[in-house]
Amino acid sequence: MTHTRHTTVGIVGGGPAGLLLARLLHRSGVDCVVLESRDRGYAEQRQRAGMLEQGTVDVLRACGAGERMDREGLVHDGIELRYDRRAHRLDFPALTGGRRVTVYAQTEVVKDLIALQLDDGAPLLFGAQALAVTGADTGRPRIRYLHQGREQTLTCDYVVGCDGFHGVTRQAIPERARRTYERSYPYSWLGVLAAAPPSSDELIYAHSERGFALFSMRTPTVSRLYLQVPNGTDPAHWPDARIWDELEARAAIDAPWKLERGPLTAKAVLPMRSSVTEPMRYGRVLLAGDAAHIVPPTGAKGLNLAVADVTVLARALVQRHRTGSTELLDAYSDTCLRRVWRAEHFSSFMTTTLHTGPDQSPFDTRLQLSQLDRIATSPHAAAELAENYTGLPLE
């Protein structure tokens, strides 16, 4: 026998988008239920991005989820670009009127939001696998899901899909009513975690004819490092020593610099692609985060776009709840897509400017170096990069 319950907003997916939306709604008196297919341990260990825009930090603080972030997060005032054996630092506050970024892993954001949700928030069901979302064009869409071995139904006033590109919520929008724009890149990232202090106080983005490298961090004692590799690369073919040597070679500059080495504790290959699904709303089903768009990680935009989506969406759902007006809900897709496409453009720009394509000509390389030189010498070009990196303001 199928058990049925009702809520105002049914949220599919307990990642940062779904959890933050639930937090914002709960604090505004809008009831909701979050369905997460995985168990709590898995949800809290999913390795993802770790760079938070100024706006993301502000939203987390405002909803009561910023205490540990403010205590443990690493505030950064810039990044370093390396190319042609030179290094150039971008000073974000000077270029943006004071905006900064914070290094705080997505896994930690999720842990903080889960703890708040379980302590005083709306229902959060782990191990609740959404099977289908139906009735998007009706006044009461339904989520059919499996929980504790029993099939159940959640009827909703609205359903929000925060369940990623392969989730079931996207399928609730008929194919005739949606369009997906995609781009795949001819390279991937080999990402590693190292039990070693960061080799720089700030992130290093390194352009090299050998390929791209990124030097990041999780904590003052744990480094997060990436190497551009061919698609289909097996991490087993990259022993630790080879990874360290390649990182050192790609970041080489004509100045003193030391690469901090240590044991590698995790390795994974990450594909690079861009994707946008339009519209982000159909009837009473709305998409947010990776369910609507994916960006290559070079621009550090994935998590931040998800936060922007649900911040806009929470305002719209709260307006509907308090006043009955659907004005903000009706504008949701267009409002978010303007920001999404800017972030897609910036992420594509960072990716194609810093990576070396497999068929890249010397002419192409010289164009990349010319662009990097312009960023290093033009305040306008530097400000454009800094404004996009630290995050465009929420509409």
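Rules and cut-offs
Residue numbers here run from 1 along each chain, matching the order of that chain's written sequence. With the structure being a predicted model, the display of local features is reserved for residues of pLDDT at least 70 and the display and counting of side-chain atom pairs for 80 or more, all residues being used for whole-chain, interface and lining totals. Calculated side-chain values reflect all of the structure's heavy atoms, with hydrogen atoms and water omitted. Here the aromatic set is Phe, Tyr and Trp, taking the six-membered ring for Trp, and pairing holds for ring centres within 6.5 Å; pairs whose planes are under 30 degrees apart are stacked, those over 60 apart are edge-to-face, and all others are tilted. Put simply, DSSP H or I for four residues or longer makes a helix, DSSP E for two residues or longer makes a strand, and each gets a number counted from the N terminus. Accessibility here uses a 1.4 Å probe with only protein chains present; expressed as a share of the type maximum, an area under 20% marks a residue as buried, one over 50% as exposed, and anything in between as partly exposed. At least two DSSP bridges between two strands are needed for those strands to be called paired. Residues count as neighbours in contact if any of their non-hydrogen atoms are within 4.5 Å of one another. Axis lines are fitted through C-alpha atoms, for helices just across the contact stretch, and the angle between N-to-C directions can take any value from 0 to 180 degrees. By definition, any crossing whose near helix is turned counterclockwise from its far helix by less than a right angle is left-handed, and any crossing with a clockwise turn is right-handed. Ten residue types, Ala, Val, Leu, Ile, Met, Phe, Trp, Tyr, Cys and Pro, are classed as nonpolar, four, Asp, Glu, Lys and Arg, as charged, and the remainder, Gly among them, as polar. A 3.5 Å cut-off defines polar contacts: any pair of N or O atoms within that distance qualifies, except that in protein one atom must be a possible hydrogen donor and the other a possible acceptor, and neighbouring residues in sequence count only when both atoms are side-chain atoms. Take the buried Ala, Val, Leu, Ile, Met, Phe, Trp, Tyr and Cys residues and link them wherever side-chain atoms come within 4.5 Å; each set so joined is a nonpolar core. Salt-bridge detection follows one rule: a side-chain nitrogen of Lys or Arg within 4 Å of a carboxyl oxygen of Asp or Glu. Expected helix span is taken as 1.5 Å per residue step, with the number of steps being one fewer than the number of residues.

**Here we look at the packing of aromatic side chains**
Two aromatic rings, taken as a pair, are described by how far apart their centres are and by the angle between their planes.
Alright, step 1. Overall, the coordinates contain eight aromatic pairs when judged by the stated rule.
Alright, step 2. On the basis of an interplanar angle of 90 degrees and a centroid distance of 5.7 Å, the ring pair of Phe-215 and Trp-257 is categorised as edge-to-face. Of this pair, Phe-215 sits in strand 14 (residues 213-219) while Trp-257 sits in the loop between helix 7 (240-250) and strand 16 (264-278), and the two are 42 residues apart along the sequence.
Alright, step 3. By relative accessible area, Phe-215 is classed as buried at 4%.

**Regarding the sheet that holds strand 12 (residues 179-194)**
Alright, step 1. Spatially, 6-5-13-14-15-12-16-19 is the arrangement adopted by the eight strands of the open sheet, whose pairing is mixed. Every interior strand has two partners, whereas the edge strands, strand 6 (86-91) and strand 19 (293-294), have only one.
Alright, step 2. Relative to strand 13 (residues 203-206), strand 5 (residues 78-83) is paired through four bridges, and the arrangement is parallel. Looking at strand 13, one finds that Leu-81 is bridged to Tyr-205.
Alright, step 3. Helix 7 contacts strand 12, strand 13, strand 14, strand 15 (222-229) and strand 16 of the sheet and is inclined by roughly 80 degrees relative to strand 15.
Alright, step 4. Across the sheet, helix 10 (residues 362-377) touches strand 5 and strand 6, and the angle it forms with strand 5 is around 140 degrees.

**Describing unusual backbone geometry**
Alright, step 1. Of the consecutive residues Glu-278 and Pro-279, the connecting peptide bond is found in the cis state with omega at -10 degrees.
Alright, step 2. Along the chain, Pro-279 turns up in the loop between strand 16 and strand 17 (281-282).
Alright, step 3. Its identity is not glycine, yet Ala-300 carries a phi of approximately 55 degrees, on the positive side.
Alright, step 4. If you trace the backbone, Ala-300 turns up in the loop between strand 19 and helix 8 (302-323).
Alright, step 5. Residue classification places Ala-300 among the buried positions, given a relative accessible area of 13%.

**A closer look at the packing of helix 1 (residues 16-27) against helix 6 (residues 106-120)**
Alright, step 1. Between helix 1 and helix 6, the least distance of the axes is 9 Å, while the angle of their chain directions is 40 degrees. Handedness of the helix 1/helix 6 crossing: left-handed. Across from Pro-16, Leu-19, Leu-20, Ala-22, Arg-23 and His-26 in helix 1, the residues of helix 6 making contact are Gln-106, Val-110, Leu-113, Ile-114, Leu-116, Gln-117 and Asp-120.
Alright, step 2. Residue classes in the contact of helix 1 with helix 6 are distributed as eight nonpolar, three polar and two charged.

**Description of the side chain of Glu-246**
Alright, step 1. Here Glu-246 lies in helix 7.
Alright, step 2. Of the polar contacts made by the side chain of Glu-246, one reaches the side chain of Arg-210; its length is 2.9 Å.
Alright, step 3. The residues contacting Glu-246, other than those within four sequence positions of it, are Arg-210, Leu-227 and Trp-238.

**Observations regarding the nonpolar core**
Alright, step 1. Grouped together as the largest cluster of nonpolar side chains are 74 residues, with contacts concentrated most on Ile-11, Leu-20, Leu-25, Ile-143 and Val-160.
Alright, step 2. At eleven residues, the largest contribution of residues to this core is made by helix 8.
Alright, step 3. Apart from the residues lying within four places of it in its own chain, the contact partners of Leu-25 are Val-9, Ile-11, Val-30, Cys-32, Ala-314, Leu-317 and Val-318.
Alright, step 4. With 31 residues, the next largest nonpolar core counts Leu-81, Val-103, Met-217 and Ala-382 among its residues.

**So, the pairing of strand 5**
Alright, step 1. Burial analysis of strand 5 places six of its six residues in the buried class, which makes it a mostly covered element.
Alright, step 2. Side chains of strand 5 alternate between two faces, with Gly-78, Glu-80 and Arg-82 and Ile-79, Leu-81 and Tyr-83 buried alike.
Alright, step 3. Where strand 5 meets strand 6, six bridges bridge the pair, whose relative direction is antiparallel. By the bridge assignment for strand 6, Ile-79 is matched with Leu-90.

**Here's the deal with the pattern of salt bridges**
Alright, step 1. Under the definition given, this model contains 28 salt bridges.
Alright, step 2. For the salt bridge of Glu-182 with Arg-273, the shortest nitrogen-to-oxygen distance reads 3.4 Å. One end of the pair, Glu-182, is in strand 12; the other, Arg-273, is in strand 16, with 91 residues separating them in the sequence.
Alright, step 3. With a relative accessible area of 54%, Glu-182 lands in the exposed category.
Alright, step 4. Among the ionic pairs, Arg-261 bridges to Asp-245, the shortest N-O distance being 3.0 Å. Residue Arg-261 is found in the loop between helix 7 and strand 16, and its partner Asp-245 is found in helix 7; the two are separated by 16 residues along the sequence.
Alright, step 5. Since its relative accessible area comes to 43%, Asp-245 is described here as partly exposed.
Alright, step 6. Among the ionic contacts, a cluster of salt bridges with common partners joins Glu-67, Arg-68, Arg-71, Glu-72, Glu-108, Lys-111 and Asp-112.

**Describing helix 1**
Side chains three or four residues apart in an α-helix point the same way, a direct result of the helix having 3.6 residues per turn.
Alright, step 1. Under the 1.5 Å per step criterion, the end-to-end length of helix 1 is 16 Å for twelve residues, consistent within 8% with the ideal 16 Å.
Alright, step 2. Buried residues dominate helix 1, accounting for ten of its twelve residues.
Alright, step 3. With its phi angle positive at about 85 degrees, Gly-29 sits one or two positions after the end of helix 1.

Just geometry here; none of it tells us what the structure is for.
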